[in-house]
Amino acid sequence: MKNNKIKNLKQKIKNKKANIGIVGLGYVGLPLALIFAKNGFNVTGIDIDEGRIRRIKKGTSYITDITGAELKRAVKSKKFKATKDTVCIKQLDAIIICVPTPLDRNRRPDISYIRDVAEKVKENMTAGQIIILESTTYPGTTREVLLPIFESTGLKEGEDFYLAFSPERIDPGNKIYTTENTPKIIGGISGASTELAQLLYEQVIKKVVPVSSAGAAEMVKLLENTFRIVNIALVNEIAMLSNKLNLDIWEIIDAAGTKPYGYMPFYPGPGCGGHCIPVDPLYLSWKAKQHGFKTKFINLAAYVNESMPKYIVHRLEDILSGQKKPLKNSKLLIIGIAYKKDVRDLRESPALKIIKVLKKHGAQVSYHDPFFQYLKVKGIDLVCAPLTKKVLTSRDCVVILTDHSGLDYGSIIENSKLILDTRGVLRRFKGKKSKMSKGKIFN
Ligand SMILES: NC(=O)c1ccc[n+]([C@@H]2O[C@H](COP(=O)([O-])OP(=O)(O)OC[C@H]3O[C@@H](n4cnc5c(N)ncnc54)[C@H](O)[C@@H]3O)[C@@H](O)[C@H]2O)c1
């Protein structure tokens, strides 16, 4: 009986007859749904956001990396449909959960979205299904939270249903590494679940890497993100020190990057945005605390990175005071408000914090970002200013917070009075632009 269930599911997966359900159609879930659909699977996307469901039906994308045409093609092929109705879970063979995992107001893990979905799955689950969690979370979530919910139905993991964790490693805006060509880690609660999850992802992803348990797979993702938060904090600290020593951090990073081994470049910036760096490592430090363990690296790195927006405001004050201008009433143009280049994503963006502090200090702030025609969040209400000569020449200082591609950096250099370049994007103009006079551009 047990063998029959695995055999049936394996057969369905191999024949692409398995019905796939993706719960949560955001940055992670929507691309994944389209990949399964493109590879011939019938995919049902489930989301509570009716606006998103409507947009999918109309074929208008809300995710930077997905075009409207791709979405239309998938819907037209009838391989992909979206709904908010969770009863369809009964008809699915594989259910992949990609819902948010934010922090609560006390900066502790908020896994309520995962729990809510788990309850819906529990109400509708049938024997022979595999359920995979992709949301980034602390080690133990799959075994300690999901397993008891599903087993309370009387069904047994590894025999009646299968449960695994597989972290999503998507890097929005990355044109080289996409979901399909980024190796996928998987770890099941049971060996049977690992085997099935591996088989499923192998149908659509080039390389699948099984690990010994769901907990190990959960920890892999947090090691990756912790590695980044710590190295970004390190380079932010070196950047602040370099400024004190009158050294150019970008020259130093580029030169260090010529070492062919033992070094990997990370870049300073105005602070960390998105989800992976500012939020995910705090899931790990929370879990560590439950075990009486203090994650000193994570705590220190978070502290350094969170102090960057304030540091940028201080730099700006210094730069303006060099021109005998106070921050109060100064006219500033912020370039780039997204948390990183080439994405339409404001989550945890340091630009928001910086704009708020600048306004509090009485500065006159405007912004330019091709991804946002207006900015109406957290007490900020601004309209995107055009990047014209008139705008640039009328500002006391231009502050580059996000280095979007395709902006006319030549014109920014030529027409701005002062520039604070927090991303080092102007260094590639070095020596080429005569107008790049000393004392005008600051890091
Ligand atoms: N965005 C990234 O770059 C990235 C990268 C790797 C991992 N992750 C992780 O993947 C997970 C999802 O992130 P995301 O960026 O796709 O989030 P997102 O906010 O873009 O999308 C999540 C979607 O889930 C939906 N949702 C919420 N509750 C639901 C419910 N009960 N039922 C159905 N749908 C529901 C929301 O409406 C939303 O459309 C998070 O754990 C995140 O940490 C994100």
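What you are looking at is a predicted structure, and each value in this text was computed from that prediction instead of being measured.

About the cut-offs
Throughout this description, residue numbers start from 1 for each chain and increase along the sequence as written. Whole-chain, interface and lining totals are the exception, using all residues; otherwise, since this is a predicted model, local features are given only for residues with pLDDT of at least 70 and side-chain atom pairs are given and counted only at 80 or more. Side-chain descriptors were evaluated using all non-hydrogen atoms of the structure, hydrogens and water having been removed beforehand. At least two bridges found by DSSP between two strands is the condition for calling them paired. A run of DSSP states H or I qualifies as a helix once it reaches four residues; a run of E qualifies as a strand once it reaches two. Both are numbered from the N-terminal end. Domain borders in the structure are assigned automatically or taken from a domain database. Contact between two residues is taken to exist if any of their heavy atoms lie within 4.5 Å; hydrogens are not considered. What counts as buried area is the accessible surface, traced by a 1.4 Å probe, that two parts surrender upon association, with contributions from both included. Throughout this description, the term salt bridge denotes a Lys or Arg side-chain nitrogen within 4 Å of a carboxyl oxygen of Asp or Glu. Aromatic rings from Phe, Tyr and Trp, taking only the six-membered ring of Trp, are treated as a pair when their centres fall within 6.5 Å; an angle between ring planes under 30 degrees marks them as stacked, one over 60 as edge-to-face, and anything in between as tilted. Three labels apply to residues, based on accessible area from a 1.4 Å probe with only protein chains included: buried if under 20% of the type maximum, exposed if over 50%, partly exposed otherwise in between. Note on definitions: angles span 0 to 180 degrees between N-to-C directions of axes, and those axes are lines fitted to C-alpha atoms, for helices only across the stretch in contact.

A. A look at the pairing of strand E11 (residues 374–377). Pairing of E11 with strand E12 (residues 380–383) involves four bridges; the strand directions are antiparallel. Each bridged residue has a counterpart across the sheet, and for Leu375 the counterpart in E12 is Leu382. Here E11 folds back onto E12 in antiparallel fashion, the turn holding two residues, of which Lys378 has a positive phi close to 40°.

B. The domain arrangement of the protein, seen in detail. Split by domain assignment, the protein resolves into domain 1 (2–212) and domain 2 (227–442). Each of domain 1 and domain 2 has a C-alpha centre, and these two points are 35 Å apart. At the interface, 19 residues of domain 1 touch 18 residues of domain 2. Together, the buried faces of domain 1 and domain 2 total about 1600 Å²; carbon and sulfur atoms form 56% of this surface. At the junction of domain 1 with domain 2, the criterion picks out three salt bridges. Close ionic contact of Lys287 with Glu144 constitutes a salt bridge, the shortest N to O distance being 3.0 Å.

C. Geometry of the packing of aromatic side chains. This structure, assessed with the given rule, holds seven aromatic pairs. Relative to Phe161, the ring of Phe150 has its centre 6.1 Å away and its plane inclined at 85°; by these criteria the two rings are edge-to-face. Taken together, the positions of Phe150 in helix H6 (residues 141–151) and Phe161 in the loop between H6 and strand E6 (162–165) put the pair eleven residues apart, joining distant regions of the chain. Across the pair, exposure class does not vary: Phe150 and Phe161 are buried alike. Among the aromatic residues, ring-to-ring pairing joins Phe36, Phe41 and Tyr201 into one connected group.

D. A look at the pairing of strand E7 (residues 184–188). Among the five residues that make up E7, five are buried, leaving the element largely enclosed by the rest of the structure. The two faces of E7 match: Lys184, Ile186 and Gly188 on one face and Ile185 and Gly187 on the other face are all buried. Sheet topology note: the E6/E7 ladder contains two bridges and is antiparallel. Residue pairing in the sheet places Phe165 in a bridge with Gly187 of E7. Alignment of E7 against strand E8 (residues 208–210), held across three bridges, turns out to be parallel. Its bridge partner lying in E8, Ile186 is registered against Pro210.

E. Seen up close, the sheet that holds E8. Read from one edge of the open sheet, eight strands run E3-E2-E1-E4-E5-E6-E7-E8, paired in mixed fashion. Taken across any chain shown, the strands that pair with only one partner, and hence form the sheet edges, are strand E3 (80–83) and E8. When strand polarity is set aside, the average angle formed by the axes of neighbouring strands in this sheet is 25°. In this sheet, strand E4 (residues 94–97) lies alongside strand E1 (residues 19–23) in parallel orientation, the contact comprising four bridges. Its bridge partner lying in E4, Gly21 is registered against Ile95.

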